[in-house]
Amino acid sequence: MQRFASGKKAKGVCDVCGFTYKLRELKTTTVKGRATNIKACPECWDMDHPQLKLGEFPVHDPQALRDPRPDFGQYGQSRAQIQPVVSVSGRGFIGVVTVSVT
């Protein structure tokens, strides 16, 4: 026993653009996974965008560290012992470069 007629020739109006289509061609729009009871034609119908479902599922994305120990650049001994270099010289195509560190 069917509750409704088959509707082979039934016409319907798109709730978005207002044009007439076969009732079978119209689709129900959804927002956040819920049907809105708005019928749209194939040109106006958009599937439910996945970005609208944000917050439905728990996301655990920890980015902070517990008890961090940052490196302080102002301390000379924070990473390594730095030994001063007396002088460095190098040659290139243009001339001679001498770098002295005091």
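Keep in mind that what you see is a predicted model, and the values were worked out from it rather than measured. (Residues numbered from 1 in each chain as written. Predicted model: local features only at pLDDT ≥ 70, side-chain atom pairs only at ≥ 80, totals over all residues. Heavy atoms only, no water.)

> Mind showing me how you'd approach the pairing of strand β4 (residues 34-40) here?
Consecutive residues of a regular strand have side chains that alternate between opposite faces of the sheet. In the sheet, strand β3 (residues 27-31) pairs with β4 via four bridges, with the strands oriented antiparallel. Looking at β4, one finds that T30 is bridged to A35. Count of turn residues in the β3/β4 antiparallel hairpin: two residues, of which K32 carries a positive phi of about 55 degrees. (Pairing = 2+ DSSP bridges. Helix = DSSP H or I, 4+ residues; strand = E, 2+ residues; numbered from the N terminus.)

> So what exactly am I meant to see when it comes to the nonpolar core here?
Nonpolar side chains in soluble globular proteins tend to end up buried together. Within the largest apolar cluster, five residues are counted, these being C14, Y21, L26, A40 and C41. Sequence-distant contacts of L26, defined by excluding residues within four places in its chain, comprise G12, V13, C14, Y21, K39, A40 and C41. (Core = buried A, V, L, I, M, F, W, Y, C linked by side-chain atoms within 4.5 Å. Buried < 20%, exposed > 50% of the residue type's maximum accessible area, 1.4 Å probe, protein only. Contact = heavy atoms within 4.5 Å.)

> Would you mind showing me how to read the environment of K22 here?
Positionally, K22 belongs in strand β2 (residues 20-22). Taking the C-alpha atoms as reference points, K22 and K11, separated by 11 residues in sequence, lie 4.5 Å from one another. Other than its neighbours up to four places away in sequence, K22 contacts A10 and G12.

> Please clarify how unusual backbone geometry should be interpreted in this entry.
Leaving glycine out, the prevailing phi sign among residues is negative, and the prevailing peptide bond configuration is trans. The backbone phi angle of K32 is positive, close to 55 degrees, even though this residue is not glycine. Inspection of the secondary structure puts K32 in the loop between β3 and β4. A positive phi angle, close to 65 degrees, is found at N37, a residue other than glycine. Looking at the element boundaries, N37 is found in strand β4. Its relative accessible area of 68% is what places N37 among the exposed residues.

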